[in-house]
Amino acid sequence: MKLPHIVPPFLALIISAVWLTSIRSSTEAVMQENTVLLEKIASPGKSSFIRENRTNVRSKSDGTRVSASVRPKREKKTPDNVDDPSDDWVSTSKDWKRLVLFNNDEARFQYTAAWKRLNALAAEMNGDELTKAYQEMATLPIHAPFRNYLESVMLAELERKNPEFAFSQYIERNKDGGVVLGGYGNFDLWLDRDPEAAARWYENQLAAGTFDKTLDGNSPARVPFESAYIMALVDADPTAAEQIMKNFPPDLRRRFGDYVDVVPIEKRKSLVDLLRKTMLTEDYMALLRQTSVFEYNFRGDYDSDPETAKKSLDRFAVTPEERTALLADQFSDFAAYRAMRASGGGDPRRNEFDANRKWVQAVDPSSADRATGAALQTYLKKVNNPESYDFVEKTALDYVNSGAGDQLLVPIIEGSANGSNTFPKDRALGLAAKIIDPLLRNELVQKLK
């Protein structure tokens, strides 16, 4: 091969060898520096090395390395340059908006110093200041749960300082139908404190059609205000209280129980008398069962103390008819729950029916049969299948064979007769044959034909 053909490849080989040697030297240098760095990091007392010598090292294309300057330390947060104020500032600040924004992103905001300060500041503000702060809240970018809690705190203060504004806002907050935190406030306290001003505001709201929004012109928002009037008048002017209750639309009257809890102890008997005059026994006893008037002793917890329940009945001079209605409502609620579970594939739990019946017997023996029959009738209506027919028929006959009276069978038979349940009439006739009282038996048989 001629020399001119050999020289170019030979030169290329030499250049490549030199380049590879240079690369290897640069790599070894980097590895040595990395080893030194690791030794410094691992050495005792050298942990500050990372903080004090944080450099941004990068390699250039020629293999040399450059170090960026050390990063400047982060500027200390102060109330003037960041939204992270000091504890001293939080505990004394009067900057409402800044406190609100600072506390907005706290997951447990109710336990922060900023929340405590917001509560205190709301109490310190006068009516105009707090009203202005409340109105400005609409422009602040804050989360809904935090907003609801904070608005409730502000409105509770405004009930005393600017009640006209506060109660108007309660209505506005609840206009979509769902009652948010704080509800409708305590109109009864304003009515007691300044009856003329409270009555004037309420009459103006009625005249303006504020409550003519839902339920065919009868807004649920009327209920807490009308209830406050009733509570105020139930002793002072029972005739006027009775008239207000009679004027309550049926759809709203059932909501009255939500506001019964505020009635003072000394007015409770007067309240029960008012309900007796204006509502069906079943309706007002069902209403009272869910309130503190009976101290929550009739919630369906059959393992609660029957003696305490009896004392509640005696304290309000509840009549035998009312006791039966009350206990039938309690037992029926339980049966509706068991029906829901059975509809989903569960079993009726006969032992739980037995336990509930035993509890009712301990509270008022004379009501037990009727209450048990009402519960079984409810179960039939809710489940409505052949399995429910078998369960109810067997359970009813077991109770009758164990000494239960005619009243246990009456609700089941009447339900079949009037179509409120689908229990077959031929089976209902079989139950009617078990009725001891001949007049009652013949009456029920005629209804089934």
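Just so you know, these numbers come straight off a predicted model, no measurement behind them.

What counts and how
Residues numbered from 1 in each chain as written. Predicted model: local features only at pLDDT ≥ 70, side-chain atom pairs only at ≥ 80, totals over all residues. Heavy atoms only, no water. Helix = DSSP H or I, 4+ residues; strand = E, 2+ residues; numbered from the N terminus. Buried < 20%, exposed > 50% of the residue type's maximum accessible area, 1.4 Å probe, protein only. Contact = heavy atoms within 4.5 Å. Areas by Shrake-Rupley, 256 points an atom, 1.4 Å probe, with all protein chains shown as cover. Axes fitted to C-alpha atoms, helices over the stretch in contact; angles between N-to-C directions. Parallel < 35°, antiparallel > 145°, perpendicular 65-115°, else oblique. Left-handed = near helix turned anticlockwise from the far one by under 90°. Nonpolar A, V, L, I, M, F, W, Y, C, P; charged D, E, K, R; others polar. Expected span 1.5 Å × (residues − 1). Salt bridge = Lys/Arg side-chain N within 4 Å of Asp/Glu carboxyl O. 1 Å grid on protein atoms, 1.4 Å probe; cavity = no way out; pocket = protein on both sides within 12 Å on 5 of 7 lines; lining within 4 Å. Points joined across faces, edges and corners; volume = space filled by probe spheres on them. Phe/Tyr/Trp six-rings, centres within 6.5 Å; stacked < 30°, edge-to-face > 60°. pLDDT = per-residue confidence, 0-100. Core = buried A, V, L, I, M, F, W, Y, C linked by side-chain atoms within 4.5 Å.

### Section: the overall build of the protein chain
Each helix and strand counted, the protein chain has 23 helices and two strands in total. Looking at the protein chain residue by residue over its 449 residues, the buried ones come to 40%. Sequence separation of 24 or more characterises 58% of the internal contacts of the protein chain that already satisfy a separation of 6 or more. Accessible surface, the protein chain: about 25,900 Å² in total, of which carbon and sulfur atoms supply 52%.

### Here's the deal with the packing of helix 4 (residues 96–103) against helix 5 (residues 113–124)
One way to put it is that helix 4 packs onto helix 5 with a least axis distance of 9 Å and a crossing angle of 150°. Considered as vectors, helix 4 and helix 5 are oriented roughly antiparallel to each other. Crossing of helix 4 against helix 5: the hand is left-handed. Facing W96, L99, V100, F102 and N103 of helix 4, the residues of helix 5 in contact are A114, W115, R117, L118, L121 and A122. Split by residue class, the contact of helix 4 with helix 5 holds nine nonpolar, one polar and one charged.

### So, helix 7 (residues 144–161)
For an α-helix, the turn length of 3.6 residues means that residues three or four places apart are oriented alike. In this model helix 7 runs 25 Å from its N-terminal to its C-terminal C-alpha over 18 residues, within 8% of the 26 Å that 1.5 Å per residue would give. Along helix 7, the residues classified as buried are F146, R147, L150, E151, S152, V153, M154, L155, E157, L158 and E159. Of the surrounding secondary structure, the elements contacted by the buried residues of helix 7 are helix 4, helix 5, helix 6 (127–136), helix 8 (163–173) and helix 9 (187–193).

### Quick look at the pattern of salt bridges
Applying the stated criterion across every chain, the model contains 21 salt bridges. Close ionic contact of K310 with E307 constitutes a salt bridge, the shortest N to O distance being 2.8 Å. Of this pair, K310 and E307 both sit in helix 16 (residues 306–315), three residues apart, which is roughly one turn of the helix. Taken together, the shared-partner salt bridges connect R350, D354, K394 and D398 into one network.

### Points about the packing of helix 10 (residues 195–207) against helix 11 (residues 222–236)
Put simply, helix 10 and helix 11 touch, their axes get as near as 12 Å, and they point 145° apart. Crossing geometry of helix 10 relative to helix 11 is assigned as left-handed. For the pair helix 10 and helix 11, contact is made by A198, A199, W201 and Y202 and by R222, F225, E226 and Y229, respectively. Considered class by class, the residues forming the contact of helix 10 with helix 11 number six nonpolar, no polar and two charged.

### Remarks on the layout of surface pockets
Which parts of space are left empty comes out when a probe the size of a water molecule is rolled across the atoms. Of the volumes computed, that of the largest pocket is approximately 490 Å³. For the largest pocket, the lining is made up of 19 residues, of which E282, A328, S332, R370 and A374 are closest to its centre. Taken together, the elements giving at least two residues each to the lining of the largest pocket come down to helix 15 (281–289), helix 17 (320–343), helix 19 (368–383) and helix 21 (410–418). Its residues placed into classes, the lining of the largest pocket shows five nonpolar, seven polar and seven charged.

### Here's the deal with the packing of aromatic side chains
As enumerated under the stated definition, the model contains 28 aromatic pairs in all. On the basis of an interplanar angle of 50° and a centroid distance of 5.5 Å, the ring pair of W201 and F225 is categorised as tilted. With a gap of 24 residues between them, W201 in helix 10 and F225 in helix 11 connect regions that are remote in the sequence. F225 sits in the buried class, given a relative accessible area of 0%. Taking 5.3 Å as the distance between ring centres and 55° as the angle between the ring planes, the aromatic pair formed by Y379 and F391 counts as tilted.

### Considering the confidence of the model for the protein chain
Looking at the protein chain, pLDDT values average 79 and 76% of them are 70 or higher. Here residues 1–8 is modelled with pLDDT under 50, and outside its nearest four sequence neighbours on either side it reaches one contact, counting other chains as well. Scored below 50 in pLDDT, residues 10–14 makes zero contacts in the model with residues more than four places away or belonging to other chains.

### Quick notes on the environment of V383
You can see V383 is positioned in helix 19. Remark: the alpha-carbon pair of V383 and N421, spanning 38 residues in sequence, is separated by 9.5 Å. Ignoring sequence-local partners within four residues, the contact set of V383 consists of A339, S343 and S388.

### With respect to the nonpolar core
W96, F187 and F256 are the most contacted members of the largest nonpolar core, which has 112 residues in total. Residue contacts for F256: discarding those within four places in its chain leaves V223, S227, I230, M231, M245, F248, L271, L275 and L287.

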